[in-house]
Amino acid sequence: MKRIIVLFSLIAASGCFAGDIDVDTLTNLSYRDDVAKSGDNYMSSQCVLDLYRPKGRDGFATIVWFHGGGLTSGKNTIPEGLMESGVAVVAPAYRLSPKVKASDCIDDAAAAVAWVFNNIESYGGDPDQIFVSGHSAGGYLTSMVGLDQSWLDAYGIDANDIAGLIPFSGHTITHFTVRKEQGIAKTQPIIDKMAPLFHVRADASPLLLITGDRELEMLGRYEENAYFMRMMKVAGHQDTRLIELGGYGHGIADAAFPLLLKEVQRLSGSKAASP
């Protein structure tokens, strides 16, 4: 049954923004105002983003996409599954552990999201239709900047202005790289201020959690997302959902992109870009 539901979702979502679309990509745009005065070459090289956008259109939705890699590896890319869909995609790079602390990774993610809020309108996008998503570590970053309002507050942005949060297979407990920094075994679950679960609240942006099959995912990843969903509902949040992709392990991104686009369409309503 899970596979039938997933297949239906993929087919139903694939036509969300279909059509011939003229696009362009801008690369290596710096998103931190403090880079120049920092003199930090690593920050300068990592704190950049790529922007993929429809040309000749205005008012399109934007997806900020954070790559995975455990906060220790990975590279920002524009996923093919989000191309030619009528939405813009922003793919930020960010500094990585152990060169920096995991908190710096989250701060970079917040700075990138703030840049999108402050600049996307000048590129044709609708600042009221900014969605945040990512896979694995990118899913963790998505949930942290969306649930713990302090990260975006530091940049003058209200996290509740994010139109939707769609993390793929992200930690909702404290990330294992954070625990490693503190000398805590990866098998010891922690829920502290570095855990999205610590920040459950009723007034957060709409939240769609997507994971792989509970029997095939990374150990405990489905279960912690299921608990996150339950606690958001207990806190009074009215729009938290969880989708488990039956038959998929941790590598769910390609299968989940159509679901992400479908969620953007659902939440954008009449403002959704269309051919």
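Analysis parameters
- Residues numbered from 1 in each chain as written.
- Predicted model: local features only at pLDDT ≥ 70, side-chain atom pairs only at ≥ 80, totals over all residues.
- Heavy atoms only, no water.
- Helix = DSSP H or I, 4+ residues; strand = E, 2+ residues; numbered from the N terminus.
- Buried < 20%, exposed > 50% of the residue type's maximum accessible area, 1.4 Å probe, protein only.
- 1 Å grid on protein atoms, 1.4 Å probe; cavity = no way out; pocket = protein on both sides within 12 Å on 5 of 7 lines; lining within 4 Å.
- Points joined across faces, edges and corners; volume = space filled by probe spheres on them.
- Nonpolar A, V, L, I, M, F, W, Y, C, P; charged D, E, K, R; others polar.
- Phe/Tyr/Trp six-rings, centres within 6.5 Å; stacked < 30°, edge-to-face > 60°.
- pLDDT = per-residue confidence, 0-100.
- Contact = heavy atoms within 4.5 Å.
- Lys, Arg positive; Asp, Glu negative; His and termini not counted.
- Salt bridge = Lys/Arg side-chain N within 4 Å of Asp/Glu carboxyl O.

1. Describing unusual backbone geometry
That bond from Ser97 to Pro98 is cis: its omega, 10 degrees, falls within 30 degrees of zero. By secondary structure assignment, the location of Pro98 is in the loop between β4 (88-92) and α4 (102-119). Positive phi outside glycine occurs at Leu71, with the angle close to 65 degrees. When its relative accessible area of 0% is taken as the criterion, Leu71 is described as buried. We note that Glu84 has phi near 50 degrees; this positive angle belongs to a residue other than glycine. The residue Glu84 is located in the loop between β3 (60-66) and β4 in this model.

2. Quick word on the layout of surface pockets
Considered as a void within the structure, the largest pocket measures approximately 290 Å³ in volume. Looking at the largest pocket, it is lined by 13 residues, and the ones nearest its centre are His171, Arg179, Lys186, Thr187 and Leu219. Counting only elements with at least two residues in the lining of the largest pocket, the list comes to α7 (176-181) and α8 (221-234). Here the residues of the lining of the largest pocket sort into five nonpolar, four polar and four charged.

3. What about the packing of aromatic side chains?
Going through the model one piece at a time under the given rule, you end up with five aromatic pairs. Look at Trp65 and Phe257: their rings are 5.2 Å apart centre to centre, the planes differ by 65 degrees, and that puts the pair in the edge-to-face class. You can see Trp65 sitting in strand β3 and its partner Phe257 sitting in helix α9 (residues 253-268), a full 192 residues away along the chain. By relative accessible area, Phe257 is classed as buried at 5%. Between Phe168 and Phe257, the aromatic rings sit 5.9 Å apart at their centres with planes inclined by 50 degrees, giving tilted as the arrangement. A residue pair is termed long-range when its members are at least 10 positions apart, and Phe168 in strand β6 (residues 164-168) and Phe257 in helix α9 qualify at 89 residues. On the basis of relative accessible area, Phe168 is assigned to the buried category, the value being 0%.

4. Focus on the confidence of the model for the protein
Taken as a whole, the protein shows an average pLDDT of 91; of its residues, 91% reach a score of 70 or greater. Here residues 1-18 is modelled with pLDDT under 50, and outside its nearest four sequence neighbours on either side it reaches 31 contacts, counting other chains as well. Under a pLDDT of 50 for its full length, residues 270-275 has, in the predicted model, 14 contacts with residues more than four places off or in other chains.

5. What to know about the side chain of Arg179
Among the structural elements, Arg179 can be located in helix α7. At 6.0 Å, Glu224 is the nearest oppositely charged side chain to Arg179, a buried residue that forms no salt bridge. Not counting residues within four places of it along the chain, the set of residues in contact with Arg179 comprises His171, Ile173, Thr174, Ile184, Ala185, Lys186, Thr187, Gln188, Pro189 and Ile190.

6. Structural notes on the pattern of salt bridges
Side chains that differ in sign of charge can pair as their charged atoms come close. Taken as a whole, this structure holds eleven salt bridges when the rule is applied. Arg95 serves as the salt-bridge partner of Asp108, at 2.9 Å between the closest nitrogen and oxygen. Remark: Arg95 occurs in the loop between β4 and α4 and Asp108 occurs in helix α4; sequence separation between them is 13 residues. Look at Asp108 and you get buried, because its relative accessible area is 0%. Salt bridges sharing partners connect three or more residues here, namely Arg32, Asp34, Arg95, Asp107 and Asp108.

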